[in-house]
Amino acid sequence: MNPSTQLSLLFTLSLIFISHAGGLPVSSPASGSTKLYQIVCKDIRENNGIRRCLKLLEAYPKITSAKNILELCRHVLEMAIDRSKEAQNYFIQEMKKNPSSKAIKDCATQRYSGTVGSFESALGELTESPDTANYDAKVAGDGPEECNSLLTAEKVVNPPLYRLNNVIDFISLVAFHATDHLPEDPPINPKLRS
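Residues numbered from 1 in each chain as written. Predicted model: local features only at pLDDT ≥ 70, side-chain atom pairs only at ≥ 80, totals over all residues. Heavy atoms only, no water.

**Some details on the overall build of the chain**
Counting its regular elements, the chain contains nine helices and zero strands. For the chain, the succession of helices and strands along the chain, N to C, is α-α-α-α-α-α-α-α-α. By residue count, 34% of the 194 residues in the chain fall in the buried class. Long-range contacts, defined here as pairs at least 24 residues apart, represent 67% of the contacts in the chain between residues at least 6 apart. With the model as given, the accessible surface of the chain reaches about 11,500 Å², and the carbon-plus-sulfur share is 56%. (Helix = DSSP H or I, 4+ residues; strand = E, 2+ residues; numbered from the N terminus. Buried < 20%, exposed > 50% of the residue type's maximum accessible area, 1.4 Å probe, protein only. Contact = heavy atoms within 4.5 Å. Areas by Shrake-Rupley, 256 points an atom, 1.4 Å probe, with all protein chains shown as cover.)

Here's what the structure looks like:
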């Protein structure tokens, strides 16, 4: 093998290694460069997802100014936790207005407790188990989806509840795509070495 072929092969292998170790480095957020949150949003192609994702994340300066993928994921999940707690509180208020609705009660108590818990679990797993964080971010969307099904089955006519579920489900999708950019193998914690 001639030297130029060896260099080409070495370069290709290094790119493969880098991509599996957490992705290529992203340029710093100087003017004109792509920011981390924009890279995440580009992954969401269905149902006008890119534009919807950008609009969602650009409302949070901590997210748009994130310097690395871990920081971005942390801020996205913190936003997801806050937004899902707000949604749960909204359902609790609706439950008080409609005490006979089993669907609204189930959403307010069971489904959104699971959603909040999944986002919190994802946040807690970011550095220890990125795969688990990614899974939990995705599973968080199950609660709003199940809630919409329950509302439909009970024939609840309340468009704001359906929209709220759709927003939280979309936030789960964004969190899933963000955490999908985490390196598969987290760095070894020096405190764990003996």
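**A closer look at the pattern of salt bridges**
Scanning all chains against the criterion turns up four salt bridges. Close ionic contact of Glu94 with Lys97 constitutes a salt bridge, the shortest N to O distance being 3.3 Å. Placement of both Glu94 and Lys97 in helix H5 (residues 69–97) is noted, with a separation of three residues, approximately one turn of the helix. Measuring nitrogen to oxygen at the nearest pair gives 3.0 Å for the salt bridge that ties Arg111 to Glu146. Taken together, the residues span a long stretch of sequence, with Arg111 in helix H6 (residues 102–125) and Glu146 in helix H8 (residues 142–153) at a distance of 35 residues. What makes Arg111 partly exposed here is its relative accessible area of 26%. On the basis of relative accessibility, which here comes to 36%, the residue Glu146 falls in the partly exposed class. Residues participating in the shared-partner salt-bridge network are Asp106, Arg111 and Glu146. (Salt bridge = Lys/Arg side-chain N within 4 Å of Asp/Glu carboxyl O.)

**A closer look at unusual backbone geometry**
In the Ramachandran plot, Lys155 falls in the positive-phi region, its phi being about 60° despite a non-glycine side chain. Look at Lys155 and you get exposed, because its relative accessible area is 69%.

**What to know about the nonpolar core**
If you look at the biggest cluster of nonpolar residues, it comprises 44 residues, and the most contacted ones within it are Leu57, Leu72, Phe91, Phe119, Leu151 and Val174. Listed by contribution, the elements that provide at least two residues to this core are helix H2 (36–42), helix H3 (49–57), H5, H6, helix H7 (130–139), H8 and helix H9 (159–179). For this core, the element with the most residues is H5, which contributes ten residues. Sequence-distant contacts of Val174, defined by excluding residues within four places in its chain, comprise Val40, Ile44, Cys53, Leu56, Leu57 and Val76. (Core = buried A, V, L, I, M, F, W, Y, C linked by side-chain atoms within 4.5 Å.)

**Overview of a negative patch on the surface**
A cluster of acidic side chains, namely Asp43, Asp131, Asp180 and Glu184, defines a negative patch on the protein surface. Tracing the backbone shows Asp180 in the segment after H9. (Patch = residues over 30% accessible without salt bridge, like charges linked within 9 Å, V, L, I, M, F, W, Y side chains within 5 Å. Lys, Arg positive; Asp, Glu negative; His and termini not counted. Charge placed at Lys NZ, Arg CZ, Asp CG, Glu CD.)

**Details of the environment of Asn158**
Assignment of secondary structure puts Asn158 in the loop between H8 and H9. Residue Asn158 is classed as buried on the basis of its relative accessible area of 13%. For the pair Asn158 and Glu94, spaced 64 residues apart in sequence, the C-alpha to C-alpha distance is 9.8 Å. Looking at Asn158, its side chain comes within polar contact range of the side chain of Glu94, at 3.1 Å. (Polar contact = N/O pair within 3.5 Å; in protein donor to acceptor, adjacent residues only side chain to side chain.)

**Considerations on the state of the cysteines**
For the coordinates displayed, the defined rule picks out two disulfides. The disulfide that involves Cys41 links it to Cys53, with 2.0 Å between the sulfurs. Every disulfide takes its handedness from the sign of the S-S torsion; for Cys41 and Cys53 that torsion is -70°, giving left-handed. Remark: Cys53 occurs in helix H3 and Cys41 occurs in helix H2; sequence separation between them is twelve residues. In this model, Cys107 is linked to Cys147 through a disulfide, with the two sulfur atoms separated by 2.0 Å. Disulfide Cys107 to Cys147: torsion about the S-S bond roughly 110°, handedness right-handed. (Disulfide = S-S within 2.5 Å.)

Coordinates in, geometry out; function isn't part of it.
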